Amino acid sequence: MDAAEPVPLTATGMVLPMPECPVRAGFPSPAEDFAVTRLDLTQILVTHPQATFLLRVAGSSMRDAGIDDGDTLVVDRAIKAQHGHVVVAVVDGEFTVKYLHQRAGRLRLRAANPTFPDIVPKDGQTVEVWGVVSSCIKRFVV
C-alpha cells in the first residue's frame, strides 16, 4: 500500500444517474425499459461517514481477492474486524491490506496471492488492525 495518508470522506455525497434496470451480462434487455434515477454513492459505500477513509492500493498481494494495484479501498474504522475480513493493518508503521486470520488468540495477516508470505507478528513487532475494507473501487479507463 502507498505510504500516503488516508483520505477522509467529505460530508457531501456523490450523486450519479443510475438506470432502474440492471445491465445484463448475458442477453441484452430492451432499451425501452431504461429509466433513470439519481443514486448517491456514499449511501451505498459508506455506513459510518466519520470513520470512513479512502486508500489507494499499491502492489498485487490481494489480486486473488479482486483487489488490484491502483484500486481505491473504502476503509471503515468503526467496523470491528473479524476473522476472514479484508483489513488494512499497520505493521511496523507501514500500511498493508490483507485477510485477517485469527485463531486461538493468534493473529496472522494473509495475502490473496500465493507468491506473498503471511505476516505473523514476531516478538516486539507492532501490528495494529487499522480498519476493515468495506468496498473496492476499480477504474478501467483513466
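Rules used in this analysis
Residues numbered from 1 in each chain as written. Predicted model: local features only at pLDDT ≥ 70, side-chain atom pairs only at ≥ 80, totals over all residues. Heavy atoms only, no water. Helix = DSSP H or I, 4+ residues; strand = E, 2+ residues; numbered from the N terminus. Buried < 20%, exposed > 50% of the residue type's maximum accessible area, 1.4 Å probe, protein only. Contact = heavy atoms within 4.5 Å. Areas by Shrake-Rupley, 256 points an atom, 1.4 Å probe, with all protein chains shown as cover. Core = buried A, V, L, I, M, F, W, Y, C linked by side-chain atoms within 4.5 Å. Salt bridge = Lys/Arg side-chain N within 4 Å of Asp/Glu carboxyl O. Phe/Tyr/Trp six-rings, centres within 6.5 Å; stacked < 30°, edge-to-face > 60°.

**Student:** So what's going on with the overall build of the protein chain? Residues and values would help.
**Tutor:** The helix and strand inventory of the protein chain stands at one helix and nine strands. In the protein chain, the order of α-helices and β-strands from amino to carboxyl end is β-β-β-α-β-β-β-β-β-β. Counting over 142 residues, the protein chain shows a buried share of 28%. Nonlocal contacts in the protein chain, meaning residues at least 24 apart in sequence, comprise 56% of its contacts between residues at least 6 apart. Per element, the accessible surface of the protein chain, about 9,500 Å² overall, is 55% carbon and sulfur.

**Student:** Can you tell me about the nonpolar core, naming the residues and giving the values?
**Tutor:** Leu73, Val75, Val88, Trp130 and Val133 are the most contacted members of the largest nonpolar core, which totals 15 residues. For this core, the secondary-structure elements that each account for two or more residues are strand 4 (52-56), strand 5 (72-76), strand 6 (86-91), strand 7 (94-103) and strand 9 (127-137). Here the element with the most residues in this core is strand 6; it accounts for three residues. Trp130 has contacts with Pro6, Phe53, Leu55, Val75, Arg77, Val88, Ala89, Val90 and Phe95, leaving out every residue within four places of it along the chain. Judged by nonpolar contacts, the second largest core, of seven residues, contains Ala81, Ala89, Leu100 and Leu109.

**Student:** Give me the lowdown on unusual backbone geometry, citing residues and values where you can.
**Tutor:** With a phi angle near 50°, Asp92 is a residue other than glycine that sits in the positive phi range. Inspection of the secondary structure puts Asp92 in the loop between strand 6 and strand 7.

**Student:** I'd like a description of the pattern of salt bridges, backed by residues and values.
**Tutor:** Here the structure, examined in full by the defined rule, presents six salt bridges. The partner of Asp68 in a salt bridge is Lys138, and the shortest N-O contact between them spans 2.8 Å. You can see Asp68 sitting in the loop between strand 4 and strand 5 and its partner Lys138 sitting in the segment after strand 9, a full 70 residues away along the chain. We classify Asp68 as partly exposed; its relative accessible area is 31%. Here Lys138 makes a salt bridge to Asp71, at a shortest N to O gap of 2.6 Å. Placement of the pair is Lys138 in the segment after strand 9 and Asp71 in the loop between strand 4 and strand 5, with a sequence separation of 67 residues. Where salt bridges share partners, they join Asp68, Asp71 and Lys138 into one cluster.

**Student:** Just give me the short version of the packing of aromatic side chains, but keep the residues and values in it.
**Tutor:** Per the counting criterion, the structure on display carries two aromatic pairs. With a centroid separation of 5.4 Å and 85° between ring planes, the pair formed by Phe95 and Trp130 is classed as edge-to-face. With Phe95 in strand 7 and Trp130 in strand 9, this pair connects stretches of sequence that are 35 residues apart. Cluster of aromatic residues (ring-pair linked, three or more members): Phe53, Phe95 and Trp130.

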